[in-house]
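Now for the letters of each chain:
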Amino acid sequence: MFTPMFEIDSPVHSLRRFGDLARLMDEVGHWFDGAQEGPQANVYVNEQGAVVQIAVPGYRRDQLHVEADRDVLIIRGEADDSQDSSGEDTQPRMLRQEISHGSFTRRIQLPFSIDGEHTEARHENGILSIAVAKPVHEQPRRIAIA
Amino acid sequence: MSTQTTQKNRRNTGPTVAPATDIAAYDDHYRIRIALPGAQRESMQVESHRGILTVSAEAQLAPEQAQPLLEECARQRWQRSFQLSDDCDTQQISANYDNGILELNIAKSAEKSPKKIAVT
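Asks: What's the story with the pairing of strand 7 (residues 75-83) of chain B in this structure? I'm lost.
Replies: Two faces belong to every sheet, and in a regular strand the side chains alternate between them. All names here are of chain B. As defined by bridge partners, strand 1 (residues 16-17) adjoins strand 7 across 2 bridges and the pair is classed as parallel. Directly across from Val17, in strand 7, lies its bridge partner Trp78. Here strand 5 (residues 52-60) pairs with strand 7 via 9 bridges, running antiparallel. Bridged to Ala57 within strand 7 is Trp78.

Asks: Sorry, what's going on with the sheet that holds strand 3 (residues 64-69) of chain A here?
Replies: The strands making up a sheet associate through hydrogen bonds between their backbones, and the pairing can be parallel or antiparallel. All names here are of chain A. Strand order in the open sheet formed by 3 strands is 3-4-6, with antiparallel pairing between adjacent strands. In the strand order of this sheet, the two ends are held by strand 3 and strand 6 (104-109), each with one partner. Across the sheet, the axes of successive neighbouring strands diverge by a mean angle of 15 degrees, strand direction being ignored. Of the pairings in the sheet, the one linking strand 3 to strand 4 (residues 72-77) comprises 6 bridges and is antiparallel in character. The residue of strand 4 that forms the bridge with Glu67 is Ile74.

Asks: For this particular structure, what's the right way to read the nonpolar core?
Replies: Inside soluble globular proteins, nonpolar side chains tend to come together where they are buried. The biggest cluster of nonpolar side chains holds 21 residues, and the ones touching the most others in it are Val52(A), Leu73(A), Ile75(A), Ile108(A), Leu110(A) and Val132(A). Taken together, the elements giving at least two residues each to this core come down to strand 1 (41-46), strand 2 (49-55), strand 4, strand 6 and strand 8 (127-133) of chain A together with strand 6 (67-71) of chain B. One finds Ala25(B), Ile32(B), Val55(B) and Ala59(B) within the second-largest nonpolar core, a separate group that totals 20 residues.

Asks: So what exactly am I meant to see when it comes to the pairing of strand 4 of chain A here?
Replies: Residues and elements named next belong to chain A. The element strand 4 is extensively covered by neighbouring structure, given that 5 of its 6 residues are classed as buried. Count of turn residues in the strand 3/strand 4 antiparallel hairpin: 2 residues, of which Arg70 carries a positive phi of about 60 degrees. Relative to strand 6, strand 4 runs antiparallel, the two sharing 6 bridges. Residue pairing across strands places Ile75 opposite Arg106, the latter belonging to strand 6.

Asks: I'm lost on the interface of chain A and chain B in this one. Help?
Replies: Interfaces are frequently sized by the accessible area removed from exposure as the parts join. The partner chain B presents 37 residues to the 38 residues of chain A that form the contact. Each partner contributes to the roughly 3100 Å² buried at the junction of chain A and chain B, and carbon and sulfur atoms together form 56% of this total. It is Tyr44(A), Ile99(A) and Asn125(A) in chain A that bury the most area against chain B; as a group they hold 20% of the surface buried on that side. At the boundary of chain A and chain B, one finds 2 salt bridges. Put simply, Arg80(B) and Glu98(A) hold a salt bridge, and the shortest N to O gap is 2.7 Å. Along the contact surface separating chain A from chain B lie 23 residue pairs in polar contact (both at pLDDT 80 or more). Going through the elements one at a time, helix 1 (11-32), strand 1, strand 2 and strand 5 (93-97) of chain A are the ones with two or more residues in the side of chain A that touches chain B.

Asks: It is not clear to me how the pattern of salt bridges should be interpreted in this structure. Could you clarify?
Replies: Two side chains bearing opposite charge may form a pair once their charged atoms approach each other closely. The full count for this structure, using the stated rule, is 9 salt bridges over all chains. Measuring nitrogen to oxygen at the nearest pair gives 3.2 Å for the salt bridge that ties Asp62(A) to Arg60(A). Its relative accessible area of 39% is what places Arg60(A) among the partly exposed residues. Within the structure, one salt-bridge network assembled from shared partners comprises Arg96(A), Glu98(A) and Arg80(B).

Asks: Sorry, what's going on with unusual backbone geometry here?
Replies: Most peptide bonds adopt trans geometry, and most residues besides glycine take a negative phi value. Despite not being glycine, Arg70(A) has its phi angle at roughly 60 degrees, a positive value. With respect to the helices and strands, Arg70(A) occurs in the loop between strand 3 and strand 4. Owing to a relative accessible area of 66%, Arg70(A) belongs among the exposed residues under this scheme. At Arg50(B), a residue that is not glycine, the phi angle is positive and equals roughly 50 degrees.

Asks: Would you take a moment to explain the sheet that holds strand 1 of chain A for this structure?
Replies: Taken in spatial order, the 5 strands of this open sheet run 7(A)-8(A)-2(A)-1(A)-6(B), and their pairing is antiparallel. Edge positions in the sheet fall to strand 7 (120-124) of chain A together with strand 6 of chain B, since each has one partner strand and no second. Direction aside, neighbouring strands of the sheet carry axes that sit 15 degrees apart on average. Two strands pair when backbone bridges link them, and strand 1 of chain A and strand 2 of chain A are joined in this way by 6 bridges, in the antiparallel orientation. Across the sheet, residue Ala41(A) finds its bridge partner in strand 2 of chain A, namely Ile54(A).

Asks: How do you make sense of the packing of aromatic side chains when you look at a structure like this?
Replies: Ring pairs (aromatic) are described by centroid distance and by the angle formed between their planes. Under the counting rule described, the total for this entry stands at 1 aromatic pair over all chains. For the pair Tyr59(A) and Phe104(A), a centre-to-centre distance of 5.4 Å together with 90 degrees between the ring planes defines the contact as edge-to-face. With a gap of 45 residues between them, Tyr59(A) in the loop between strand 2 and strand 3 and Phe104(A) in strand 6 connect regions that are remote in the sequence. Residue class for Phe104(A) comes out buried when judged on its relative accessible area of 5%. For Lys108(B), the ring lying beneath its charged end belongs to Tyr30(B), and the centroid distance is 4.7 Å.

What counts and how
Residues numbered from 1 in each chain as written. Chains lettered and ligands numbered in written order. Predicted model: local features only at pLDDT ≥ 70, side-chain atom pairs only at ≥ 80, totals over all residues. Heavy atoms only, no water. Pairing = 2+ DSSP bridges. Helix = DSSP H or I, 4+ residues; strand = E, 2+ residues; numbered from the N terminus. Axes fitted to C-alpha atoms, helices over the stretch in contact; angles between N-to-C directions. Core = buried A, V, L, I, M, F, W, Y, C linked by side-chain atoms within 4.5 Å. Buried < 20%, exposed > 50% of the residue type's maximum accessible area, 1.4 Å probe, protein only. Contact = heavy atoms within 4.5 Å. Buried area = accessible area lost by both parts, 1.4 Å probe. Salt bridge = Lys/Arg side-chain N within 4 Å of Asp/Glu carboxyl O. Polar contact = N/O pair within 3.5 Å; in protein donor to acceptor, adjacent residues only side chain to side chain. Phe/Tyr/Trp six-rings, centres within 6.5 Å; stacked < 30°, edge-to-face > 60°. Lys NZ or Arg CZ within 6 Å of the ring centre and 35° of its normal.

Structure, rendered in structure tokens:
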């Protein structure tokens, strides 16, 4: 995890360290919640906070839940009650079933405490996109030289 | 590894993978659902040729001006082909993309009885 090549104060080193932590924490959280296989995710950081994208094709908006707990973002998905959600009476014969329809919990550890009030989530084209806000006092601030 | 190279690599598309698919058989049609989360519509292609249905699409999700911590589905390229069974009516295929799922409905042809050929 510790890469001696980078300076300790350099932003690249910090990101590398948090990157490893994010991955490790996520895998541990994932294992403990008992989900078989969680949806895929992307995590990016910028000055305002982070952008988290989760691939959840086929899940309705009301089946998805996002929570923030200190510096951990928790995304939950509910399984479909019925096998066939198209509302048809006749149950089809499934020749192939590869798309996940089950419930899941995915925890994403972030390198800052989450400002839940200013965090926004959007659901489009099967992607849950969360703009996670960092508290204003943690965002970089330019200091003028008098 | 220079920062320049890393930035350039970020823009490339990853390997081509087969998307997860559900296939359901109804009495009068087949319903194929293909998971293409975040796919760009312009990149989506559905082609039916000689009994083979091919679907391809791409997704580019990485936002500008942001450092990646984790990228599992940022640059996707999907392709998958399906062999259509004899009872598929290839003239009646509809495609609809909603909520990250491309849904194809293929009507089944009316039952054809064996054709009798007279011997002269």
